Amino acid sequence: MAPRPLAIRPPERNLTIPLPTPSEKTAIYPQRERGRTVEQTHSRLMQLPLELRQMIYRAVLGDSTMHMILKRNKLGHLRCKAPSALECPLGYNGRTLSRECCWGTVDSANIWSPMSGNVDEPTDGNIIPFLQTCRQIYSESIDFLYSTNCFSFSDLDCLRYFSCTTLPARFALIQTLDIEWCMSWPIYDPIAQALLLSNPALYPPHDEATWEETWRIIADMPNLKFIRASLLYFDGFRDPGCEERMLAPLRKATTPKRFEVHVSWAGDEIEGAPFQLIRPIRHDPDFEDEEW
Ligand SMILES: [Zn+2]
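From a predicted model like this one, the values you see are computed outputs, not experimental measurements. (Residues numbered from 1 in each chain as written. Predicted model: local features only at pLDDT ≥ 70, side-chain atom pairs only at ≥ 80, totals over all residues. Heavy atoms only, no water.)

1. Thoughts on the overall build of the chain
Each helix and strand counted, the chain has 11 helices and 11 strands in total. Looking at the chain residue by residue over its 292 residues, the buried ones come to 42%. For the chain, the proportion of contacts with a sequence separation of at least 24, taken over those separated by at least 6, is 62%. Carbon together with sulfur atoms contributes 54% to the accessible area of the chain, which is approximately 17,000 Å² in total. (Helix = DSSP H or I, 4+ residues; strand = E, 2+ residues; numbered from the N terminus. Buried < 20%, exposed > 50% of the residue type's maximum accessible area, 1.4 Å probe, protein only. Contact = heavy atoms within 4.5 Å. Areas by Shrake-Rupley, 256 points an atom, 1.4 Å probe, with all protein chains shown as cover.)

2. Regarding the sheet that holds strand S10 (residues 258-263)
With respect to topology, seven strands assemble into an open sheet ordered S2-S1-S7-S8-S9-S10-S11, the strand pairing being mixed. Both outer strands of the open sheet, strand S2 (74-79) and strand S11 (276-278), are each paired with one neighbouring strand and no more. When the angles between neighbouring strand axes are averaged without regard to direction, this sheet yields 20°. (Pairing = 2+ DSSP bridges. Axes fitted to C-alpha atoms, helices over the stretch in contact; angles between N-to-C directions.)

3. Thoughts on the nonpolar core
Judged by nonpolar contacts, the single largest core of 57 residues is most densely connected at Leu177, Met183, Trp211, Ile218 and Met246. Ranked by residues supplied to this core, first place goes to helix H5 (residues 135-148) with six residues. Once residues lying within four places of it in the same chain are set aside, the contact partners of Ile218 are Leu159, Leu177, Ile179, Leu224, Ile227 and Ala253. (Core = buried A, V, L, I, M, F, W, Y, C linked by side-chain atoms within 4.5 Å.)

4. Section: the packing of helix H3 (residues 50-61) against H5
Where H3 meets H5, the axes come as close as 9 Å, and the angle between the chain directions of the two elements is 55°. By the criterion of interaxial angle, the relationship of H3 to H5 is oblique. Judged by the sense of rotation from one axis to the other, the crossing of H3 with H5 is right-handed. Taking contact as the criterion, the partners of Leu50, Arg53, Gln54, Tyr57, Arg58 and Leu61 in H3 are, on H5, Gln136, Ile137, Glu140, Ser141, Phe144, Leu145 and Thr148. (Parallel < 35°, antiparallel > 145°, perpendicular 65-115°, else oblique. Left-handed = near helix turned anticlockwise from the far one by under 90°.)

Here you go:
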């Protein structure tokens with residue numbers, strides 16, 4: 001189901017300007033006449049100052065949450081319909097994980113299926129036509145897509161695939177990440193894994209190697225300003241040492257100014273981490289004793 005990683009594109013496929021000069025093009029690809037750039041001086045949009053055009057680009061492409069989704073052999077993205085990512089939680093509806101307020105459900109392999117049942121429902125966040133309109137618009141606006149949106153992932157594979165199907169220079173522009181991940185079985189816990197009769201006990205993306213690779217990718221993102229990671233898990237960790245090993249790869253992500261890790265289980269405070277670990281609010285047993 002994995003999409004093919006980004007190919008190294010020949011220069012005549014560049015979408016951004018400037019293009020190779022005609023003499024270069026003729027020398028390299030004498031047969032082809034692709035990627036011609038036409039002056040846009042008659043366009044009313046292009047007559048506006050660049051600052052105003054940039055405001056328009058940002059309004060069209062940016063400042064949203066983009067839910068990245070897995071499809072068969074490709075990725076898609078859906079613009080969040082909720083006012084903010086916080087108001088669009090991923091939940092279990094008794095059957096599967098879903099974001100019913102926003103975009104539908106996923107199957108057991110985390111492949112997205114739309115609420116409408118229409119498998120051809122577009123998953124491009126309605127931004128591709130704008131970007132394809134004109135090479136100059138593409139060049140002037142594409143950075144806003146990556147730098148001003150929150151990229152939301154509910155699958156570790158999806159994040160890994162996104163990193164290898166996006167131009168590295170664009171991927172590096174991302175500033176905001178929202179990750180929700182349901183752990184299916186305890187990681188870094190050999191005793192719990194021995195209970196599973198499969199070998200290896202955990203398959204990707206639920207294994208430790210995928211977990212570490214994901215955080216290696218995130219730690220290398222140079223412009224991150226905010227990460228919110230929500231880790232869901234049916235139970236707590238059997239011992240704090242396992243939890244510490246699970247959190248160790250997150251400690252390498254030191255770039256973001258704000259880094260929140262929400263976990264669904266109780267436990268001890270941790271120290272010296274670049275993130276704020278937020279645990280669920282518990283009932284105070286002392287207080288309950290007094291009541292009794
Ligand atoms: Zn949403």
